[in-house]
Amino acid sequence: IVQWLVGVFVPGFHDMSASSQASLTATLGLVVRKSAHAGEYALLGVLVSLAVRSHRAAGRKAAMIPAAVCLLYAAGDEFHQRFVPGRAAAVGDVLIDFAGALIGIGLTALVLLLLRRRRTAGERG
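Throughout what follows, the structure given in this document is the object of discussion.

## Re the packing of helix 2 (residues 18-53) against helix 4 (residues 91-124)
Here helix 2 crosses helix 4 at 45 degrees, and the two axes come no closer than 6 Å. By the angle class used here, helix 2 and helix 4 are oblique. Classified by chirality, the crossing of helix 4 by helix 2 is right-handed. Contacts between helix 2 and helix 4 involve K34, H37, A38, Y41, A42, G45, V46, S49, L50 and R53 from the former and D93, I96, D97, G100, A101, G104, I105, T108, A109 and L112 from the latter. In terms of residue class, the contact of helix 2 with helix 4 is made up of 10 nonpolar, 6 polar and 4 charged.

Below, the structure written as structure tokens:
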């Protein structure tokens, strides 16, 4: 899929040497895979945040608990990969996943804050 996308969106891709095409495709494929993983963990961060907040957690607890859960999940996922043939565990992958989770947690907090402010403003007006 990445090779097809690169062929469509990168001018002159088909005029490049085969090794240049392979190198560019591999690099962009890595970026796409890591971004997808971060996106998955952002969604996990949103879902865990909403679950924690549904139990009336607020303040730091509402961010720290989801962050800890997501970090443990990312670390556990990488640990599990040590036992899968052809896969390896990498601390960098844990950090990418955790960064995605923090983005999801932060976005959730921001959206909920904006909704709360809007509701409060509507009650006053």
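## Description of the pattern of salt bridges
Once the charged atoms of two side chains with opposite charge are near each other, the side chains can pair. As enumerated under the stated definition, the model contains 1 salt bridge in all. Between D93 and K34 there is a salt bridge whose closest N-O contact spans 2.6 Å. Here K34 lies in helix 2 and D93 lies in helix 4, a separation of 59 residues in the sequence. Taking the relative accessible area as the measure of exposure, D93 reaches 16% and is therefore buried.

Definitions and cut-offs
- Residues numbered from 1 in each chain as written.
- Predicted model: local features only at pLDDT ≥ 70, side-chain atom pairs only at ≥ 80, totals over all residues.
- Heavy atoms only, no water.
- Axes fitted to C-alpha atoms, helices over the stretch in contact; angles between N-to-C directions.
- Helix = DSSP H or I, 4+ residues; strand = E, 2+ residues; numbered from the N terminus.
- Parallel < 35°, antiparallel > 145°, perpendicular 65-115°, else oblique.
- Left-handed = near helix turned anticlockwise from the far one by under 90°.
- Contact = heavy atoms within 4.5 Å.
- Nonpolar A, V, L, I, M, F, W, Y, C, P; charged D, E, K, R; others polar.
- Salt bridge = Lys/Arg side-chain N within 4 Å of Asp/Glu carboxyl O.
- Buried < 20%, exposed > 50% of the residue type's maximum accessible area, 1.4 Å probe, protein only.

Take it as geometry only, folks, not as evidence of what the structure does.
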